[in-house]
Amino acid sequence: MAGKHSESSRDTKRRIESNNQTRRPQKKRKSKKNVLLKIILMILLIIIIIIAGIVAGGYSYIVSKLNKMQQVQINVEELNVNEEIKGYRNIALFGVDSRNSNLGKGNRSDCIIIASINEKTKDVRLLSVYRDTYVQIEGHGLDKITHAYSYGEAPLAIKTLNTNLDLNITEFVTVNFDLVAEAVDALGGVEITIENSELQYINGYIQGTSESTGIKSSNITKAGKQTLDGVQAVAYSRIRYTAGGDYKRAERMRDVLEAMIKKLKTKSIGEINSLMDKILPKVYTNISSSSIIAMVPDLLKYNVTESIGWPYDTKGITLDRWYGVPVTLESNVKQLHKELFDETDYEVPSDIKEISNKIVNKTGYRE
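Treat the numbers as computed from the prediction; the structure is a model and nothing was measured. (Residues numbered from 1 in each chain as written. Predicted model: local features only at pLDDT ≥ 70, side-chain atom pairs only at ≥ 80, totals over all residues. Heavy atoms only, no water.)

**Section: the overall build of the protein chain**
- Scanning the protein chain from N- to C-terminus turns up 13 helices and 13 strands.
- The burial tally for the protein chain puts 58% of its 367 residues in the buried class.
- Entry remark: accessible area of the protein chain is about 15,400 Å², with carbon and sulfur atoms responsible for 45%. (Helix = DSSP H or I, 4+ residues; strand = E, 2+ residues; numbered from the N terminus. Buried < 20%, exposed > 50% of the residue type's maximum accessible area, 1.4 Å probe, protein only. Areas by Shrake-Rupley, 256 points an atom, 1.4 Å probe, with all protein chains shown as cover.)

Here it is, written out as structure tokens:
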């Protein structure tokens with residue numbers, strides 16, 4: 001049940017990944033369709049799934065489409081923003097497992113991705129933050145980062161990211177995993193390669209996802225490359241009991257995202273319009289329509305260059321439940337800023353050093 005933080009039977013299986021694990025992911029024509037696709041790709045990066053498209057038409061049309069999203073305002077002054085980061089727009093993307101249309105407090109963010117946009121080069125990097133990462137959450141002490149959204153929805157989740165990773169996030173987008181299933185089905189499915197090790201787990205997730213979404217699906221009977229429907233794609237992205245655990249799970253989520261991008265490129269304007277009319281109303285964000293429209297001149301230049309998993313170096317521990325401990329938070333944050341922002345002389349601030357030391361003292365895990 002979303003919002004419950006008690007140890008589940010699934011959590012107990014996670015001893016499979018309880019030791020050190022590191023994952024390191026790895027002639028333009030301004031035709032009506034190409035502009036539409038590029039803009040949708042950008043919004044997809046912001047939202048994790050394909051949720052938007054803008055026909056190169058009138059301003060009122062664009063606004064009418066974007067206004068379909070559920071928009072909310074948050075107090076930026078309370079987000080503990082790193083004001084020294086310049087030239088990068090970092091947007092938090094949250095995927096929640098809600099059993100109803102509520103996307104706010106009480107839902108754990110099972111998927112956390114930061115879309116980091118280099119405003120000079122227009123390169124975009126996708127940073128997956130592992131849901132079980134042991135961090136400091138204001139008012140709740142050391143806990144899994146996935147719980148921050150449940151405790152205080154997007155504002156607390158963003159503040160937790162900024163506080164522990166020293167970032168400048170002020171914008172977010174939240175979607176329900178149900179929406180991913182609907183979007184994949186609207187695209188006609190996605191091509192994914194199922195490994196033998198994943199086959200034994202995926203059908204259990206298919207059954208659970210089908211029950212929670214009310215969308216019928218069928219079991220996967222063989223490994224190999226195949227077309228997955230929406231429920232199957234979500235189920236695939238949820239697998240976390242193979243080698244790599246939650247870290248591999250984050251890679252699967254990115255695999256689904258990239259497969260959706262590929263499939264989108266085959267769609268007509270009419271099909272894309274139908275898709276966004278269906279799913280935009282189910283998107284929850286504080287990014288205004290005017291802000292998105294202001295990005296349009298640069299959208300054709302955006303290029304996804306890399307997908308990264310964070311923390312880089314972790315070690316599992318079981319306390320009251322299983323946690324993925326950054327080893328150490330300080331060194332992982334330093335490496336992040338070097339790789340993401342090219343800050344070769346970056347110094348980790350004292351408050352993060354304090355959190356890092358607190359984690360070391362609690363777990364005994366140090367470099």
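**Points about the pattern of salt bridges**
- The final tally for this structure, using the stated rule, is six salt bridges.
- In this structure, the salt-bridge partner of Arg89 is Glu171, at a minimum N-O distance of 2.6 Å. Of the two residues, Arg89 sits in strand S2 (residues 88–96) while Glu171 sits in strand S7 (residues 171–176), which places them 82 residues apart along the sequence.
- Residue classification places Arg89 among the buried positions, given a relative accessible area of 17%.
- The shortest N-O distance in the salt bridge between Arg131 and Asp132 comes to 3.2 Å.
- Owing to a relative accessible area of 2%, Asp132 belongs among the buried residues under this scheme.
- Bridged by salt links that share partners, the residues Arg131, Asp132 and Lys144 form one connected network. (Salt bridge = Lys/Arg side-chain N within 4 Å of Asp/Glu carboxyl O.)

**Some remarks on the nonpolar core**
- Counting residues in each nonpolar core, the largest one holds 53 residues, and the members touching the most others are Val190, Ile192, Ile194, Ile202, Leu228, Tyr236 and Met260.
- Here this core gets six residues from one element, more than from any other, and that element is helix H8 (residues 245–264).
- Setting aside residues no more than four positions away along its own chain, Ile194 makes contact with Leu199, Ile202, Lys222, Ala223, Gly224, Gln226, Leu228 and Tyr236.
- Counting 46 residues, the second largest nonpolar core, distinct from the first, contains Ile74, Leu142, Ile169 and Tyr284. (Core = buried A, V, L, I, M, F, W, Y, C linked by side-chain atoms within 4.5 Å. Contact = heavy atoms within 4.5 Å.)

**Comments concerning the pairing of strand S5 (residues 134–137)**
- Here S5 shows a buried face lined by Tyr134 and Gln136 and a second buried face lined by Val135 and Ile137.
- In terms of strand pairing, S5 meets strand S6 (residues 141–144) through four bridges, oriented antiparallel. By the bridge assignment, Ile137 is partnered in S6 with Gly141.
- Here S5 folds back onto S6, and the loop between the two strands holds three residues, one of which, Gly139, carries a positive phi near 85°. (Pairing = 2+ DSSP bridges.)

**Topic: helix H4 (residues 146–165)**
- Here H4 is 20 residues long, yet its end C-alpha atoms lie only 15 Å apart, well below the 28 Å a rise of 1.5 Å per residue gives.
- The largest bend along H4 measures about 135° and falls at Glu153, with the proline Pro155 one to four residues further on.
- A large share of H4 lies buried, amounting to 16 of its 20 residues.
- Positive phi appears at Asp166, one or two residues downstream of H4, with a value of about 60°. (Expected span 1.5 Å × (residues − 1). Bend = angle between axes of the 7 residues up to and from the residue.)

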